[in-house]
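Working through the structure, step by step
Single-letter residue listing:
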Amino acid sequence: MLETAQIKAFFTGRTDGVSPAPYAACNLGLHVGDEEAHVIANRERIAATYNLPLDTWVAGEQVHGSTVTVVTEEMRGRGARALADMLPATDALITNVSNITLTTYAADCVPLLFADADRLAIGAAHAGWKGTVAKIAARTVEAMHKTYGTDPASLRVQIGPSIGPCCYEVDDRVADAVRESFGERAKRLLTPNANGRWQFDLWTANVLTLEEAGVPRERIERLDACTSCQNRRYFSYRKEGGNTGRLAGIIALKQEI
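Before going into details, it helps to say that this report is about the structure given with it. Since we're looking at a predicted model, the values are computed, not measured.

Cut-off values and rules
- Residues numbered from 1 in each chain as written.
- Predicted model: local features only at pLDDT ≥ 70, side-chain atom pairs only at ≥ 80, totals over all residues.
- Heavy atoms only, no water.
- Core = buried A, V, L, I, M, F, W, Y, C linked by side-chain atoms within 4.5 Å.
- Buried < 20%, exposed > 50% of the residue type's maximum accessible area, 1.4 Å probe, protein only.
- Helix = DSSP H or I, 4+ residues; strand = E, 2+ residues; numbered from the N terminus.
- Salt bridge = Lys/Arg side-chain N within 4 Å of Asp/Glu carboxyl O.
- Pairing = 2+ DSSP bridges.
- Axes fitted to C-alpha atoms, helices over the stretch in contact; angles between N-to-C directions.
- Contact = heavy atoms within 4.5 Å.
- Arc of directions from axis to C-beta.

Across soluble globular proteins, nonpolar side chains have a tendency to be buried as a group. By size, the foremost hydrophobic cluster in this structure holds 42 residues, and its most contacted members are Leu112, Phe114, Val178, Leu190, Phe200 and Leu210. Sorting elements by how many residues they give to this core places helix α3 (residues 136-148) first, with seven residues. Listed in part, the 18 residues of the second largest apolar core include Leu93, Leu102, Ala115 and Ile251.

Okay, structure coming up:
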């Protein structure tokens, strides 16, 4: 578990919100076509449930890259209520500022949460296949080390609900990118299927990347919750033909006690 007295971390599901189909029900993504009022109402509900005021939330414009943004006190609230003021072109956020809530949004891509209880620093990252082969997980660890002095061996990381190797079929273009990024280890990540394509294991790929970055395996928690298999519980872009909502990975550094 990532949580401590000062760090709160969790992933949301799709139930108990106000959004209508196809975003039903607790869609937290402002960028998917749902009405802004519905999304903000859903976010306010989560904020109240977990005592993390929406004005503390920070969101980035996720572009399937490997950029990590250091979130400062002045950025508190960016992207919480409107797309226009989210942090531009970034798929990972880190901070050591209390009363800031970092958020990442997904519907099959991998949400990653990072907690350094020693240095009181946190991170959140979004890793689709492009971010995974670009090793955004390692970039996040490196940024936390450089910025806050985080020891990778002391980090805890959670790999949240995302499409599993059971359901994630990819073509040769993606498989070749995986091989280029992971070398011989790609054999552990790609399984040929009957369609002449490949099943890609995003979960193990991110574990390997985190281990390479110095995070011990025992400090990496895989939820192994497939968003496609468990589509009633989570949003799945593939399962729902691209027209769906987004769950959130949320991590907050609370006021020092």
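Anyway, onward from the coordinates.
Attention now goes to the pattern of salt bridges. Applying the stated criterion across every chain yields a total of eleven salt bridges. Here Arg222 ties to Asp224 by a salt bridge, and the two come within 2.8 Å at their closest N and O atoms. A relative accessible area of 25% places Arg222 in the partly exposed class. Salt bridges linked by common partners bring Glu44, Asp55 and Arg81 together as one network.

Turning our attention to the sheet that holds strand β4 (residues 92-95). Spatially, β3-β4-β7-β6-β8-β12 is the arrangement adopted by the six strands of the open sheet, whose pairing is mixed. Only two strands of the sheet have a single partner each, and these edge strands are β3 (68-70) and β12 (220-222). For this sheet, the mean inter-axis angle between neighbouring strands, taken without regard to orientation, is 15 degrees. In this structure, strand β6 (residues 110-116) lies alongside strand β8 (residues 156-159), joined through four bridges in antiparallel fashion. Residue pairing for β8: Leu113 is matched across the bridge by Gln158. Most of the contacts of α3 go to β4, to which it runs at about 25 degrees, and overall it touches β3, β4, β6 and β7 (121-127). Helix-sheet contacts for helix α5 (residues 202-212) involve β6, β7, β8 and β12, and the interaxial angle to β12 is about 180 degrees.

Strand pairing in a sheet relies on backbone hydrogen bonds, with the paired strands running either antiparallel or parallel. The sheet built from four strands is open, its strands ordered β1-β13-β5-β2 with mixed pairing. Each having just a single partner strand, β1 (7-11) and β2 (57-58) make up the two edges of the open sheet. Judged from the five bridges that link them, β1 and strand β13 (residues 247-253) form a sheet pairing that is antiparallel. Across the sheet, the residue bridging to Phe10 is Ile250, located in β13.

We now examine helix α4 (residues 172-182). Those residues of α4 that sit buried are Val174, Ala175, Val178, Ser181 and Phe182. Down the axis of α4, the smallest arc covering the buried residues is 125 degrees, so these residues share one side. Turned more than 90 degrees away from the buried face of α4 sit Arg173 and Glu180, all of them exposed. One or two steps after α4, the chain reaches Gly183, where phi turns positive at roughly 60 degrees.

With seven of seven residues buried, strand β5 (residues 100-106) lies mostly within the body of the structure. The alternating pattern of β5 places Ile100, Leu102, Thr104 and Ala106 on one face and Thr101, Thr103 and Tyr105 on the opposite face, and all of these are buried. Across two bridges, the pairing between β2 and β5 is parallel. Across the sheet, Trp57 pairs through a bridge with Thr101, a residue of β5. Looking at chain direction, β5 and β13 are connected through seven bridges and run antiparallel. Counterpart to Thr101 in the pairing with β13 is Ala252.

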